[in-house]
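Survey of secondary and tertiary structure
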Amino acid sequence: MTDVLFPMLGGVGLFLVGMMLLSKGLVAFAGQSLKNVLVRFTGTPWRAFGSGAILTAMMQSSTATTVTLIGFVSAGLIPFVQAIGVVIGASLGNTVAGWVVSGLALKVNLSFYTLPLIGIGALLQLLGRGRWPDLGLFLSGFGILFLGLSTLQHSMAEGANQFNLAALPVGSLGAHFLIMLLGLLLSTVLQSSAAAIATTLTAFDAGAINLEQGAAVVVGAAIGTTLTSALITIGATTAAKRTALAYILFNLITGLIAILLMPAFLFVVNQSVQLLGIQPSAIVLAAFHTFFIMVGALIFLPFTRRFAQLVERLLPEKESFKMQHLDSSLLGMPDIALEASQRSLEHMAQVLFEMHQRILQQAPVTIQPNFFTHMHQSLEDLFSFISRNQVDVSDERLSQQRIAQLHAVDHLLRLNARTLSVFDRQETIDPAALNLATEYSLPLIQEALSYDAQTADEHWVASIEANANKIRAITAESRRELLKHPDRVSTTGNILTKTETLRWLERSSHHIWRTCNYLVLGRGQQE
């Protein structure tokens, strides 16, 4: 038994290590280009579907695609509706591994020819500079992957004589579901549907299982691949959880459809065997995998918007102040993480600017209980997120963006505290004192509220700065006049109220100007 079990475990292990190295090397070597493709070519459900399929086929990991996608959705770079197309495409791209195994690895002893790639890759990893070590990682992974398949193939050939797995129940819907659960378990244990499917294909090729069992295991493996994505989203944002749920629901429903279609599939295969006199190979299982995923895609893609609405109802938004953009999984991609924090910054700034405008207009304001406490906590969380973003110090552009965002959060915290002081002690605001600078304070806040990531630039900031400087000059002069001629005000309390109002107006205007300045710099634009 050990003669079979040890090589089989070793073969699966080599395959998994090869997959990890191949995916890691490819992502490191050309990951940014692949991510740019994912962001740019997801305009429609079908384009998103194609992007997800191609990216997954290249990285040979649907988990890598979905994890990257979850980060992009959390950052707001890809709308959730388009993300559904990508996860469906990732499921299709995941079937490519089956075609490679059944159509190539099981027919040709590629492990012999790919052995040199392991050595070349190791040399590049040890001696290369720049991105060459990443290419070496990819080549070594490619070679180890086929070495693992060869080892697995030989162990399965031996195991077919010792283990009669074909004696498992067949021929009924219950049997199909039972074996499907075995496939799901196998995929979960291996943390890779590609490895589970490769194991199934080699077992079928060796005669250890029959076609019906192999098809059910493939369905289970396709469902099991979604569990990794689900585990990643524990404690994550709502956007991340929605993306994972959409992925799970698609694969689960598609898998159930595949189980229902299996009798028709087996009938067609049996009829073909009788007509052509050729026994089915592992390619038939790979074709079945692709077939039922395509059936699911044709069912879901025309209704992606309704599917998205269903998922949104199942997982309603809970985060406030756009904190749904902040997902810890983004911290591995500093540029994307900065985009996420920038979007949260912009939204929270808009909320506080609108509150400031209502105060200036002396309009009644209704706020939720603990509004300012929640805002303060959200800003603190945002500051922590930006601080944990490990930007390479050699990357001057990203470093400056990160610093600018931290400054913006600092000014928003101060603005939030000053706005809170108005609501806690509304008697400290003197309407007449507010009206002294209306000519400049209202244009300032209106200009700030007109912020647009595409058009805001140094000229926009300069306009806000000019108004802030005028407000400072007016309030300073007004305070001097009040203190020089206290007899013009009825009581000492009135003097203090007016001076405090002017001070509040001056400092708040200053924080709004600096916040706007750092919002522009946080976008990577020049001051």
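Residues numbered from 1 in each chain as written. Predicted model: local features only at pLDDT ≥ 70, side-chain atom pairs only at ≥ 80, totals over all residues. Heavy atoms only, no water.

A word on a nonpolar patch on the surface
Together, Leu-123, Leu-126 and Leu-127 give the surface a local cluster of nonpolar side chains, amounting to about 360 Å² of exposed area. Within the secondary structure layout, Leu-123 lies in helix H6 (residues 110–127). (Patch = residues over 30% accessible without salt bridge, like charges linked within 9 Å, V, L, I, M, F, W, Y side chains within 5 Å. Areas by Shrake-Rupley, 256 points an atom, 1.4 Å probe, with all protein chains shown as cover. Salt bridge = Lys/Arg side-chain N within 4 Å of Asp/Glu carboxyl O. Helix = DSSP H or I, 4+ residues; strand = E, 2+ residues; numbered from the N terminus.)

Some points on the packing of helix H9 (residues 193–206) against helix H13 (residues 282–300)
Contact geometry for H9 and H13: axes closest at 9 Å, N-to-C directions at 145 degrees. The segment H9 lies against H13, with Ile-197, Leu-201 and Phe-204 engaging Ala-282, Leu-285, Ala-286 and His-289. Looking at the contact of H9 with H13 residue by residue, the classes come out as six nonpolar, one polar and no charged. (Axes fitted to C-alpha atoms, helices over the stretch in contact; angles between N-to-C directions. Contact = heavy atoms within 4.5 Å. Nonpolar A, V, L, I, M, F, W, Y, C, P; charged D, E, K, R; others polar.)

Side note on helix H4 (residues 80–93)
Given a rise of 1.5 Å per residue, 14 residues ought to cover 20 Å, and the 20 Å separating the end C-alpha atoms of H4 matches this to within 8%. Burial of H4 is extensive: 13 of the 14 residues sit out of reach of the surface. (Expected span 1.5 Å × (residues − 1). Buried < 20%, exposed > 50% of the residue type's maximum accessible area, 1.4 Å probe, protein only.)

Describing the pattern of salt bridges
Under the defined criterion, the tally for this structure stands at four salt bridges. Between Arg-414 and Asp-410 there is a salt bridge, and its shortest N-O distance comes to 3.2 Å. A residue pair is termed a helical-turn pair when its members lie 3 or 4 positions apart in one helix, as Arg-414 and Asp-410 do in helix H17 (residues 396–424) at four residues. One connected set of salt bridges, linked through shared partners, spans Glu-339, Arg-343, Glu-346 and Arg-523.

Notes on the packing of H4 against helix H14 (residues 304–314)
The N-to-C vectors of H4 and H14 enclose an angle of 110 degrees; their axes lie 9 Å apart at closest approach. Overall, the two elements H4 and H14 adopt an arrangement that is roughly perpendicular. Side by side, H4 and H14 meet where Phe-80, Val-81 and Ile-84 of the first sit next to Thr-304, Arg-305, Phe-307, Ala-308, Val-311 and Glu-312 of the second. (Parallel < 35°, antiparallel > 145°, perpendicular 65-115°, else oblique.)

Description of the environment of Met-58
With respect to the element layout, Met-58 can be found in helix H2 (residues 45–59). Assessed through its relative accessible area of 40%, Met-58 is described here as partly exposed. With 36 residues separating them in the primary sequence, Met-58 and Asn-94 have C-alpha atoms 9.7 Å apart.

Concerning the packing of aromatic side chains
Counting across every chain of the model gives seven aromatic pairs. When the centroid spacing of 6.0 Å and the interplanar angle of 85 degrees are considered together, the rings of Trp-46 and Phe-49 count as edge-to-face. One end of the pair, Trp-46, and the other, Phe-49, are both in helix H2, three residues apart, so they sit about a helical turn from each other. In this structure Trp-46 comes out as partly exposed when scored by relative accessible area, which is 45%. Ring geometry for Phe-250 against Phe-300: centres 5.2 Å apart, planes inclined by 80 degrees, an arrangement best described as edge-to-face. Note that Phe-250 is positioned in helix H12 (residues 238–276) and Phe-300 in helix H13, a separation of 50 residues in sequence. Grouping aromatic residues by their ring pairs yields a cluster made of Phe-250, Phe-300 and Phe-307. In this structure, Arg-514 is placed above the aromatic ring of Trp-513, and the distance from its NZ or CZ to the ring centre is 4.7 Å. (Phe/Tyr/Trp six-rings, centres within 6.5 Å; stacked < 30°, edge-to-face > 60°. Lys NZ or Arg CZ within 6 Å of the ring centre and 35° of its normal.)

A look at the confidence of the model for the chain
In the predicted model, the chain carries a mean pLDDT of 79, and the fraction of residues at 70 or more is 77%. Element-level pLDDT for the chain is lowest in helix H1 (residues 2–40), with a mean of 68, against a maximum mean of 92 in H14. (pLDDT = per-residue confidence, 0-100.)

Quick look at the nonpolar core
As a rule of thumb, nonpolar side chains are buried together in soluble globular proteins. Within the largest apolar cluster, 122 residues are counted, with the highest numbers of intra-cluster contacts made by Ile-88, Val-219 and Phe-353. Those residues within four positions of Val-219 in sequence are excluded, and the remaining contacts are Met-180, Gly-255, Ala-258, Ile-259, Met-262, Phe-288 and Phe-292. (Core = buried A, V, L, I, M, F, W, Y, C linked by side-chain atoms within 4.5 Å.)

Here's the deal with the side chain of Ser-508
Within the secondary structure, Ser-508 is located in helix H21 (residues 492–522). At a separation of 2.9 Å, a polar atom in the side chain of Ser-508 contacts the main-chain carbonyl oxygen of Trp-504. Leave out the neighbours within four places in its chain, and Ser-508 touches His-356, Leu-415 and Arg-418. (Polar contact = N/O pair within 3.5 Å; in protein donor to acceptor, adjacent residues only side chain to side chain.)

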